[in-house]
Amino acid sequence: MTSTSTPALARFNAFEDSTAQAALHEVCASSAWGSKLLVQRPYATVEALFAASDAAMAELTAEDLAEAMAGHPPIGRPKPGDPTSSREQSGMAGASDALRTEMLELNLAYQEKFGHVFLICATGRTGDQMRDAVRERIGNSPEQEREIVRTELGKINRIRLARLVEEENA
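Residues numbered from 1 in each chain as written. Predicted model: local features only at pLDDT ≥ 70, side-chain atom pairs only at ≥ 80, totals over all residues. Heavy atoms only, no water.

S.K.: An account of the side chain of Asn-157 is needed here, citing residue identities and associated values.
M.R.: You can see Asn-157 is positioned in helix α9 (residues 142-166). The buried category is assigned to Asn-157, whose relative accessible area is 0%. (Helix = DSSP H or I, 4+ residues; strand = E, 2+ residues; numbered from the N terminus. Buried < 20%, exposed > 50% of the residue type's maximum accessible area, 1.4 Å probe, protein only.)

S.K.: For empty space enclosed by the protein, give the residues involved together with the corresponding values.
M.R.: Rolling a probe over the atoms, with the probe sized like a water molecule, indicates the empty space that remains. Tallied over the entire structure, the rule returns 1 cavity of 30 Å³ or more. Put simply, the largest cavity is a space of about 120 Å³. Around the largest cavity sit 14 residues that line it, and His-72, Ile-75, Glu-88, Gln-89 and Ile-120 are the ones nearest its centre. When residues of the lining of the largest cavity are traced back to their parent elements, those giving at least two are α6 (83-88) and α9. Residues of the lining of the largest cavity, tallied by class, amount to 8 nonpolar, 4 polar and 2 charged. (1 Å grid on protein atoms, 1.4 Å probe; cavity = no way out; pocket = protein on both sides within 12 Å on 5 of 7 lines; lining within 4 Å. Points joined across faces, edges and corners; volume = space filled by probe spheres on them. Nonpolar A, V, L, I, M, F, W, Y, C, P; charged D, E, K, R; others polar.)

S.K.: Give me the lowdown on unusual backbone geometry, citing residues and values where you can.
M.R.: Trans is the common state for peptide bonds, and a negative phi is the common state for residues other than glycine. The omega angle of the peptide bond from Arg-41 to Pro-42 is 0°, so this bond is cis rather than trans. Examined against the element boundaries, Pro-42 turns out to sit in the loop between α3 (31-39) and α4 (46-59).

S.K.: An account of the packing of aromatic side chains is needed here, citing residue identities and associated values.
M.R.: According to the stated counting rule, one finds 3 aromatic pairs in the structure shown. When the ring of Tyr-110 is compared with that of Phe-114, the centres are 4.6 Å apart and the planes differ by 45°; the resulting orientation is tilted. In this pair, Tyr-110 and Phe-114 both sit in helix α7 (residues 97-114), 4 residues apart, roughly one turn of the helix. The pair Tyr-110 / Phe-114 is uniform in exposure class, with both members buried. Ring geometry for Tyr-110 versus Phe-118: centroids 5.2 Å apart, planes at 80°, classification edge-to-face. You can call Tyr-110 buried: its relative accessible area is 0%. (Phe/Tyr/Trp six-rings, centres within 6.5 Å; stacked < 30°, edge-to-face > 60°.)

S.K.: So what's going on with the packing of helix α5 (residues 62-69) against α9? Residues and values would help.
M.R.: Following both chains from N to C, one finds α5 and α9 inclined at 55°, their axes separated by 11 Å at the closest point. The orientation of α5 with respect to α9, classified from their angle, is oblique. Of the two possible hands of crossing, α5 and α9 adopt the one that is left-handed. Residues Ala-62, Leu-65, Ala-68 and Met-69 of α5 form the contact with α9, whose own contacting residues are Arg-146, Val-149, Arg-150 and Leu-153. A per-class count over the contact of α5 with α9 returns 6 nonpolar, no polar and 2 charged. (Axes fitted to C-alpha atoms, helices over the stretch in contact; angles between N-to-C directions. Parallel < 35°, antiparallel > 145°, perpendicular 65-115°, else oblique. Left-handed = near helix turned anticlockwise from the far one by under 90°. Contact = heavy atoms within 4.5 Å.)

Don't take any of this as a statement about function, it's just geometry.
What follows is the structure, given as structure tokens:
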């Protein structure tokens, strides 16, 4: 975690509100989350931005979480032409047909039970690890799962925010 400012963070702080809002929406589809981060600009450090993201995530309602999840494709089926979802789900890139089929079935069963896509911070996870996670989590109560989803979304948001404000080509 960077506890200093970066040129990319300075650029983000200087964006017009509409540009910053669009960038935040690419990170997380929750308009409540994006609005909370937008009004707190400028951020002195990347860590301050992460802390604001975590605080905003903790305050999201069930409806806000649903809006955020709607921006995520199912595991194993990244959005066509979306380099972010393809990169994040790269653990499924080399998955066997059997694993892909099983993930599809598990995704559908999960979605039927909870009413939303299975959401996990897929970065750095293998297809087998993601399959094992959905198998384990499908037994959760809706309340348990909502809090796990909140945690996973927070991890995803931090990774995406880091890409936005720590890379020179952000």
